[in-house]
Amino acid sequence: MTVRFATPSEIKNWDDRIIANPDGGNVFQGYEFAIQKKQGGWTPRFIVAGSITITALEKRFGFFRLWYLPKGPGVKDMRQLDELLPDLKSFAKNHGVFGIKVEPELKKTPENLADLMKLGLQKVRPVQPNFSTVTLDISDTLEATLARLNQKGRHAIKRAERDGVVIKKVAATDKNCQQMYQLLSETAAGSFSIRSYNYYKTFWQRYEKANQGQLFFAYFENQLVAGAYALVLGKKSTYKDGASVRQRTAYGASHLLQWEVIKWAKSKGAHIHDFCGAPPSDQINNTEHPHYGIGRFKTSFNKEVTDYVGAYDIILQPAVYAAWSRIGERLMFRWHSYRHHESYY
C-alpha cells in the first residue's frame, strides 16, 4: 500500500474523499475540524493511504512528532485496519513520528478488542466523547422515524409542541454565540469541562460558513430555554453541543429541539444521526454515573447504546513514547490547560 501526503488538489476536495472512506466518513476527520484544531497548536497532515483518506493532527516536540487521528482511520473492519497499519507506521516513522493516537469507529466486541491487542496497540483514554453513544437511523421518512422513537421521546416532542415551545434555526452571530455559550456554561457547571468562548465561536461560525453546521434555539413564552449545534458530513450527522437552562420551564423542549435537528440533518442528506456521547452500555442504567441524565435523555430516542473500541496508541519509538506517556503528556496537559484553559486534545 502506498502512503503519502495529499496533493493540494486533493486537499481542496478533502471532505468528499473522507466521505468516500469505507466507514462512510466522519465529521471529526473532515477538513474544517482539522483547520479548527490549529487554534490549539495542532498542524493538520492530510494523508492518502491506498483507498483510505486520513486526517492526522500533529504536535511537534523538537525532532519528535505525535500524530492524532480523530475518529480515524476510516476503516470499516479489523481486516482493513490490519492491512493499513504496517505501511502507515512505516510512513509515520520516516517523518519523525514517535506515536499515533487512533480511535476508529469499530464496534467494541471481544473479538475486536483481542485483535487490537494482537496488533500491539496500547489502550488509552478516549478523546472524542462518542466512544459510547446513541445513534438513530433517519434514512426513512420523518413520519416513520418519529413512529420508531421510544414512547417517552414521542410523548415529550408532542407535549412540547402542544405547550407552545418554538424552535428556531439561527445564524451563528456573535450575539447568538454568546447566548449559546452562556447556556453551555450553565449546563456544564459541575458536570463536564468546556473550552473557551473563542474556540466555540470560531467553531460554530466556521461550520456554518462551510454549510456543515447549524445553531438551534428553543424558546418558551419568548424566553430562550435550550440550544444545540448540529453538524453534518455526508450521510452522518451529529449533535455536537447541547445546553439548556437549569430551571426546567417547558417539558420536552430539548426533545423537540433535537427533533428539529434531526429534520435539518435529514434535509442535508444524513441517514444516521449520532447523539454524540452516552454512558457505556453497561453503565447506562447506573444512576451514580456522572452522565446518567444525559444518557437517559438520549436513550429516549433509541434505547440501544453503541460502544466503540475507543482510543489506542500505536508506539513507533518505544523510548520516546515511554518518556511521553510517563511525563511528557502530563506536563503538556498542565501547560496547555494553564495557557488555553481547555483540554489538550
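All values reported here derive from a predicted model rather than from experimental measurement.

Enquirer: Lay out the overall build of the protein chain in plain terms, naming residues and giving numbers.
Expert: Each helix and strand in the protein chain was counted, giving twelve helices and 15 strands. Its C-alpha radius of gyration of 20 Å places the protein chain within 12% of the 20 Å reference for a compact globule of 345 residues. The C-alpha extent of the protein chain, read off along each of the three principal axes, is 60 × 45 × 40 Å. When the 345 residues of the protein chain are sorted by exposure, 52% land in the buried category. Taking as baseline every contact in the protein chain between residues at least 6 positions apart, the subset at least 24 positions apart corresponds to 73%.

Enquirer: A description of the nonpolar core should follow, citing residues and the corresponding values.
Expert: Membership of the largest hydrophobic core comes to 77 residues, with the highest contact counts inside it found for Val165 and Trp204. Tallying contributions element by element places strand β11 (residues 223–233) first for this core, with nine residues. Core analysis: the second largest hydrophobic core is formed by 26 residues, Trp67, Leu85, Val102 and Val309 among them.

Enquirer: Give a description of the sheet that holds strand β9 (residues 166–170) that names residues and reports values.
Expert: Read from one edge of the open sheet, six strands run β8-β13-β12-β11-β10-β9, paired in mixed fashion. Sheet topology places β8 (135–137) and β9 at the edges, where each strand pairs with a single neighbour. Averaged over all neighbouring strand pairs, the angle between strand axes comes to 25 degrees, with direction disregarded. One ladder, built from three bridges, connects strand β12 (residues 236–244) with strand β13 (residues 272–274); its direction is parallel. Bridge pairing links Lys236 to Ile272 in β13. Together, β9, β10 (213–220), β11 and β12 form the strand contacts of helix α8 (residues 174–188), whose direction differs from that of β12 by roughly 75 degrees. Sheet contacts for helix α10 (residues 253–267): β8, β9, β10, β11, β12 and β13; angle to β11, the most-contacted strand, approximately 30 degrees.

Enquirer: Tell me what's going on with the pattern of salt bridges, and back it up with residues and numbers.
Expert: Summed over the entire model, instances satisfying the criterion amount to twelve salt bridges. When the shortest N-O distance is used, the salt bridge between Glu10 and Arg4 registers 2.8 Å. In this structure Arg4 comes out as partly exposed when scored by relative accessible area, which is 31%. A salt bridge links Glu105 to Lys236; the shortest N-O distance between them is 3.9 Å. Within this pair, whereas Glu105 is found in the loop between β5 (97–102) and α5 (110–118), its partner Lys236 is found in strand β12, the two being separated by 131 residues in sequence. The class of Glu105 is buried, set by a relative accessible area of 15%.

So, how was this worked out
- Residues numbered from 1 in each chain as written.
- Predicted model: local features only at pLDDT ≥ 70, side-chain atom pairs only at ≥ 80, totals over all residues.
- Heavy atoms only, no water.
- Helix = DSSP H or I, 4+ residues; strand = E, 2+ residues; numbered from the N terminus.
- Rg over C-alpha atoms; globule rule 2.2 N^0.38 Å.
- Buried < 20%, exposed > 50% of the residue type's maximum accessible area, 1.4 Å probe, protein only.
- Contact = heavy atoms within 4.5 Å.
- Core = buried A, V, L, I, M, F, W, Y, C linked by side-chain atoms within 4.5 Å.
- Pairing = 2+ DSSP bridges.
- Axes fitted to C-alpha atoms, helices over the stretch in contact; angles between N-to-C directions.
- Salt bridge = Lys/Arg side-chain N within 4 Å of Asp/Glu carboxyl O.

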